[in-house]
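Spelled out from the first residue to the last, the chains are:
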Amino acid sequence: MRKSLVFAVAWILLGVSAVAQEKQPIVILISLDGFRYDYVERFQPENITKLIQQGTAAQSLIPSFPSKTFPNHYTIATGMKPEHHGVVDNNFYNPTKDQQYSISNRAIVTDGSWYGGTPLWVLAEQHDKKSASYFFVGSEADIQGVSPSYYFDYDGSVPNLTRIAQVFEWLQLPDDERPQMITMYFSDMDDTGHLYGPHNDEQLKKTLTRLDAELGALFEGVKSFDLPISIVLVSDHGMAEVAQEKLLNLEPLVEGIAARVVNSGALVHLHLKDGVDKEETIRLIESRGEHIHVINVEDREYYQDLSLHQDLMGDLLIIPDLGYYLTDSRGLFRYQNKGAMAKTGNFGEHGYSPDYPEMHGIFYAWGPRIKQGFTIDSFENIHIYPLICELLGLPVPSDIDGRVEVLQAVID
Ligand SMILES: [Zn+2]
């Protein structure tokens, strides 16, 4: 009798632990906007450094062109280059819709028809896994008719600790309600980098120290759950210094040219009206200014595949040299009179070619299947998607640009 009771208890315990082992994997994808590849080495933030020591770090994360926030977040989310997922810049014109995508236009940002590919949260939901987002580019739009099970409309004023507390609440949900694919977003380093430039150690360290303490609370909290959680910590791009005297006025460069002009600062799209000669226009603009060059989109120097979304890129691109930035008269006034920029004379910008190391971001990963104390070479941000698919046990869509092999070595 007693023997069978012991047997029964052992059986139950074994059963419980077997159930615990079957807990579904969870990935928390965290984006630290504008976190340049060299910030950890320069500022030694305590908690991020600890996470790296217990996990894997890349030398740097190579963004896709243009190294702007929206195209790159959406590339990380879909494993596709901007020229394939269709968010080709922070601002761009769609001739078919006769509308301009702009990151500050809420109606457009939340309209799923602008977004191609299958973001990680959509893929998860399509395979009966719940997803949640405390902000990520594309998460507020219904893409392929799917939204995350839990998400918030973007509001940059929500304190970081509120976002983190919400993730703990999600993790406490019962198994069938708990999200497995969670995205988070923090803008702090981008804000400070833009205001003071990437060489203002005092300001950057101040912001990073606070952010690192908040992330430390997240990392510690995550470890207290008896759940197989992985953390993938990334950024969308780096930051280059722009001195105030290196601001260029776009208006005299394009004056009198029959074109729709869409300016993103580190690149300008020109949609020429019918009959305007491309080569002549290139020569004209280049003769009007220094520190810029103008290229025919069809030369495929920046966007390399034009087969899907050439209409969104325009006919010509004006590209300033690294450290120069195109704005208009209003912009010049704003930069010269706004806060820290006006005081220090230097600020930060991005959007330039990913070939510049200054544009590189970060990739750090930690979790039960991630190698410890491991370093990998710089790699392109399209390859994060298949790694997360692998961690969650999701099939990798065949139309993505990322390849599973690139980050295979990261997994134990
Ligand atoms: Zn950004």
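Residues numbered from 1 in each chain as written. Predicted model: local features only at pLDDT ≥ 70, side-chain atom pairs only at ≥ 80, totals over all residues. Heavy atoms only, no water.

Trainee: Give a description of the coordination of the zinc ion that names residues and reports values.
Mentor: Looking at the zinc ion, one finds its protein donor set to be D33 (OD), T69 (OG1), D236 (OD) and H237 (NE2), positioned 1.9 to 2.1 Å from the metal centre. Considering all four donor atoms around the zinc ion, the spread of angles at the metal, 94 to 139°, places the coordination shape in the irregular class. Considered as a linear motif, the donors of the zinc ion on their single chain read D-x35-T-x166-D-H. A residue pair is termed long-range when its members are at least 10 positions apart, and D33 in the loop between β1 (26-32) and α2 (39-43) and D236 in the loop between β9 (229-234) and β10 (240-243) qualify at 203 residues. Residue D33 is classed as buried on the basis of its relative accessible area of 1%. By relative accessible area, which is 1% here, D236 ends up buried. (Donors = N, O, S within 2.8 Å, 3.2 Å for Na, K, Ca; no water. Tetrahedral: all angles 85-135°; square planar, octahedral: opposite > 155°, others 65-115°. Helix = DSSP H or I, 4+ residues; strand = E, 2+ residues; numbered from the N terminus. Buried < 20%, exposed > 50% of the residue type's maximum accessible area, 1.4 Å probe, protein only.)

Trainee: Could you give me a rundown of the sheet that holds strand β14 (residues 292-296), with the residues and numbers involved?
Mentor: Strands sit in the order β12-β13-β15-β14 across an open sheet of four strands; the sheet is antiparallel. Of all strands in the sheet, those bounded by a partner on one side alone are β12 (259-263) and β14. Within the sheet, the average angular offset between the axes of one strand and its neighbour, ignoring direction, is 20°. Where β14 and strand β15 (residues 316-320) come together, five bridges link them in antiparallel fashion. (Pairing = 2+ DSSP bridges. Axes fitted to C-alpha atoms, helices over the stretch in contact; angles between N-to-C directions.)

Trainee: Break down a negative patch on the surface for me, with residues and values.
Mentor: Together, D277, E279, E280, D299 and E301 give the surface a local cluster of negative charge. Structurally, the position occupied by D299 is in the loop between β14 and α13 (310-313). Assessed through its relative accessible area of 54%, D299 is described here as exposed. (Patch = residues over 30% accessible without salt bridge, like charges linked within 9 Å, V, L, I, M, F, W, Y side chains within 5 Å. Areas by Shrake-Rupley, 256 points an atom, 1.4 Å probe, with all protein chains shown as cover. Salt bridge = Lys/Arg side-chain N within 4 Å of Asp/Glu carboxyl O. Lys, Arg positive; Asp, Glu negative; His and termini not counted. Charge placed at Lys NZ, Arg CZ, Asp CG, Glu CD.)

Treat this as a map of the structure, not an account of what it does.
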